[in-house]
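Reading the structure
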Amino acid sequence: MSAFPLRSRLGIMASLALALILSILPLPDMIAPFRPDWLLVTLLYWTIALPHRANVGTAFVAGLLLDLLLGSVLGVRALALVIPVYLAASQFQRMRNYSVWQQAFVVGGLAMLNKLLIFWTGYLNSAIQVDYHYFWSIVSSMVFWPWIFLLLRKCRRQFALT
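No experiment lies behind these values; they were computed from the predicted model shown.

Remarks on the environment of Gly-75
When you line up the elements, Gly-75 lands in the loop between α3 (56–70) and α4 (76–90). Residue classification places Gly-75 among the partly exposed positions, given a relative accessible area of 24%. Excluding its chain neighbours within four sequence positions, the residues that come into contact with Gly-75 are Leu-64 and Asp-67.

Focus: the layout of surface pockets
Estimated volume of the largest pocket: approximately 510 Å³. Lining the largest pocket are 20 residues; nearest its centre among them are Arg-35, Asp-37, Leu-70, Arg-77 and Lys-115. Secondary-structure elements contributing two or more residues to the lining of the largest pocket are α2 (38–49), α3, α4 and α6 (100–126). For the lining of the largest pocket, a count of residues per class yields twelve nonpolar, four polar and four charged. Within this model, the second largest pocket holds a volume of roughly 320 Å³. Taken together, the elements giving at least two residues each to the lining of the second largest pocket come down to α1 (6–24), α2 and α7 (136–158).

Quick look at the pattern of salt bridges
Charged atoms that come close allow side chains of opposite charge to pair. Applying the stated criterion across every chain, the model contains one salt bridge. Put simply, Arg-77 and Asp-67 hold a salt bridge, and the shortest N to O gap is 3.9 Å. Highlighted residues: Arg-77 in helix α4 and Asp-67 in helix α3, separated in sequence by ten residues. With respect to class, Arg-77 is no different from Asp-67; both count as buried.

Let's talk about α7
Three- or four-residue spacings in an α-helix give side chains the same orientation, since the helix completes a turn every 3.6 residues. Look at α7: 33 Å from first C-alpha to last across 23 residues, which is about the 33 Å you get at 1.5 Å a residue. Among all positions in α7, only Ser-137, Ile-138, Ser-140, Ser-141, Trp-145, Pro-146, Ile-148, Phe-149, Leu-152 and Arg-156 are buried. Lining the buried residues of α7 we find α1, α2 and α6. At the exit of α7 stands Ala-160, carrying a positive phi of roughly 55°.

Re the environment of Trp-136
Among the secondary structure elements, Trp-136 is positioned in helix α7. Considering only alpha carbons, one finds Trp-136 and Ile-148, twelve residues apart in sequence, at a separation of 18 Å. For Trp-136, the contacting residues outside a window of four places in its chain are Pro-33 and Phe-34.

A few points about the packing of α2 against α7
Running from N to C, α2 and α7 point in directions that differ by 50°, and their axes come no closer than 10 Å. Taken together, the axes of α2 and α7 lie oblique to each other. Handedness of the crossing formed by α2 with α7: right-handed. In this structure, α2 uses Trp-38, Val-41, Thr-42, Leu-44, Tyr-45, Trp-46, Ile-48 and Ala-49 to contact α7, whose residues at the interface are Ser-141, Phe-144, Trp-145, Ile-148, Phe-149, Leu-152, Arg-153 and Arg-156.

The rules behind each value
- Residues numbered from 1 in each chain as written.
- Predicted model: local features only at pLDDT ≥ 70, side-chain atom pairs only at ≥ 80, totals over all residues.
- Heavy atoms only, no water.
- Helix = DSSP H or I, 4+ residues; strand = E, 2+ residues; numbered from the N terminus.
- Buried < 20%, exposed > 50% of the residue type's maximum accessible area, 1.4 Å probe, protein only.
- Contact = heavy atoms within 4.5 Å.
- 1 Å grid on protein atoms, 1.4 Å probe; cavity = no way out; pocket = protein on both sides within 12 Å on 5 of 7 lines; lining within 4 Å.
- Points joined across faces, edges and corners; volume = space filled by probe spheres on them.
- Nonpolar A, V, L, I, M, F, W, Y, C, P; charged D, E, K, R; others polar.
- Salt bridge = Lys/Arg side-chain N within 4 Å of Asp/Glu carboxyl O.
- Expected span 1.5 Å × (residues − 1).
- Axes fitted to C-alpha atoms, helices over the stretch in contact; angles between N-to-C directions.
- Parallel < 35°, antiparallel > 145°, perpendicular 65-115°, else oblique.
- Left-handed = near helix turned anticlockwise from the far one by under 90°.

Printed below as a string of structure tokens:
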């Protein structure tokens, strides 16, 4: 028998698959810098809501899949997802007590850590330069957090994911 019901496993995997699709979906050049970090935000929700179901291992596998889909150096986004998810998992009880707007600021800080880790590893590999467009996704992740939180919570309750 599995560690948790198949329905919960499928629900979490479906939301992560949708986040992966949204992460690689082509956007016009004008709005591409504003794309939220869909995978990070989805992983943070599941880590806060169901820390015994989605954790650092889930983040690592999802990061490897994102590396494969984006064609980047294998493990860069896995590392950049594991560290913020670990921080959220270690403080999940505290984060649950925050309002959704306070959580949005915490998500913004974790998204900034994610972006800085990706930049740092890219800089070590190829000496890339950063411009201010690179950080717009942090703001959009903060802005989208309340709606993503409410949507995933509704799905979790409607489908009884435990």
